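Here are the chains, one letter per residue:
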Amino acid sequence: THFGFQNVPENMKEALVKQVFANVASKYDIMNDVMSGGVHRLWKDHFMRTLAPTPGTKLLDVAGGTGDIAMRFLDYCKETHGDNTASVTVFDINPNMLEVGKERFTKTPYHNTQQVSFMEGNAENLEHIPDNSMDAYTIAFGIRNCTHVDRVLKEAYRVLKPGGRFMCLEFSKVENPVISKVYDVFSFDVIPTMGQIVANDRDSYQYLVESIRKFPPQKEFAKMIKDAGFTVMGQGYEDLTFGVAAIHSGFKL
Ligand code: SAM
């Protein structure tokens, strides 16, 4: 059996997503490496080079989970600019994921500094974050888990300063038919089986695969970003690994 995610009523999606990430939290980082063969690291590195934060950047990393993007962000600022004034808020709906993230940061120079903080909440309602307060907003592999993507984008727009940048890294659609076939087998058969073997949790990984299928393709998502008020450059996205993932970006001008 699996979640039959396509048929989950809208009002149950949030609870289901919470349960999935509570289940996977302790194994999340290792499973990412196992399932992507480490490729998610390359995507995230590229994502951060594309954001190219300048000294003092204030970042809100939504659906920040165990802090992968936040860590890369602070490392980038330190290594590229020798900067220790940049700061990041890791924002996530799931306390279990945030706990794993906090624990990771205790082993870094950022621990107990103003550079990193954690906040629990729903991406659809950033009520404790003021208007026009952030230089950048990132969301990596998180937006497809949200029930109302339009509300997420609206909130992103609200909290960014004029000139601020929205950037999203998310699984996307593979257009090439041959690669798409291979990817189908990998995601529908291999990923849930690996979830079963490594994490003893087939259902959560089945959900993750189904949520990828359900998310709008590149162009449709780019249109949603424009509809939220953002200005996009060119087509508004960049495909990674044949479109297995994509980076979407927009500016609040
Ligand atoms: N950004 C991290 C990364 O790239 O490794 C974590 C990605 S993880 C696949 C998705 C995260 O989204 C989980 O930590 C989950 O708790 C969070 N999430 C799901 N729905 C959310 C929502 N509505 N608001 C905020 N976070 C949410």
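Residues numbered from 1 in each chain as written. Predicted model: local features only at pLDDT ≥ 70, side-chain atom pairs only at ≥ 80, totals over all residues. Heavy atoms only, no water.

Draft legend 1. Geometry of the overall build of the protein chain. Per the secondary structure count, the protein chain includes nine helices and seven strands. Compactness check: the protein chain gives a C-alpha radius of gyration of 17 Å against a globular reference of 18 Å for 253 residues, within 12% of the reference. Its C-alpha atoms give the protein chain principal-axis dimensions of about 50 × 40 × 35 Å. When each of the 253 residues of the protein chain is scored for burial, the buried share is 51%. Taking all contacts inside the protein chain whose residues are at least 6 apart in sequence as the whole, residues at least 24 apart take part in 77%. Averaging the locations of the 27 positively and 31 negatively charged side chains of the protein chain gives two centres separated by 2 Å. (Helix = DSSP H or I, 4+ residues; strand = E, 2+ residues; numbered from the N terminus. Rg over C-alpha atoms; globule rule 2.2 N^0.38 Å. Buried < 20%, exposed > 50% of the residue type's maximum accessible area, 1.4 Å probe, protein only. Contact = heavy atoms within 4.5 Å. Lys, Arg positive; Asp, Glu negative; His and termini not counted. Charge placed at Lys NZ, Arg CZ, Asp CG, Glu CD.)

Draft legend 2. Summary view of the packing of aromatic side chains. This structure, assessed with the given rule, holds nine aromatic pairs. Among the aromatic residues, ring-to-ring pairing joins Y137, Y157, F166 and F230 into one connected group. (Phe/Tyr/Trp six-rings, centres within 6.5 Å; stacked < 30°, edge-to-face > 60°.)

Draft legend 3. Inspection of the site of the ligand at higher detail. Surrounding the ligand, one finds 19 residues, the nearest of these being K44, A63, D92, A123 and A140. In this structure, a nitrogen atom belonging to the ligand sits 3.3 Å away from a main-chain N or O atom of I93. Take A123: an N or O atom from its main chain is 2.9 Å from a nitrogen atom of the ligand. Considered on its own, the ligand offers 590 Å² of accessible surface; in the complex 97% of this is hidden by protein. Looking at the shell around the ligand residue by residue, the classes come out as 10 nonpolar, six polar and three charged. (Near = heavy atom within 4 Å. Polar contact = N/O pair within 3.5 Å; in protein donor to acceptor, adjacent residues only side chain to side chain. Areas by Shrake-Rupley, 256 points an atom, 1.4 Å probe, with all protein chains shown as cover. Nonpolar A, V, L, I, M, F, W, Y, C, P; charged D, E, K, R; others polar.)

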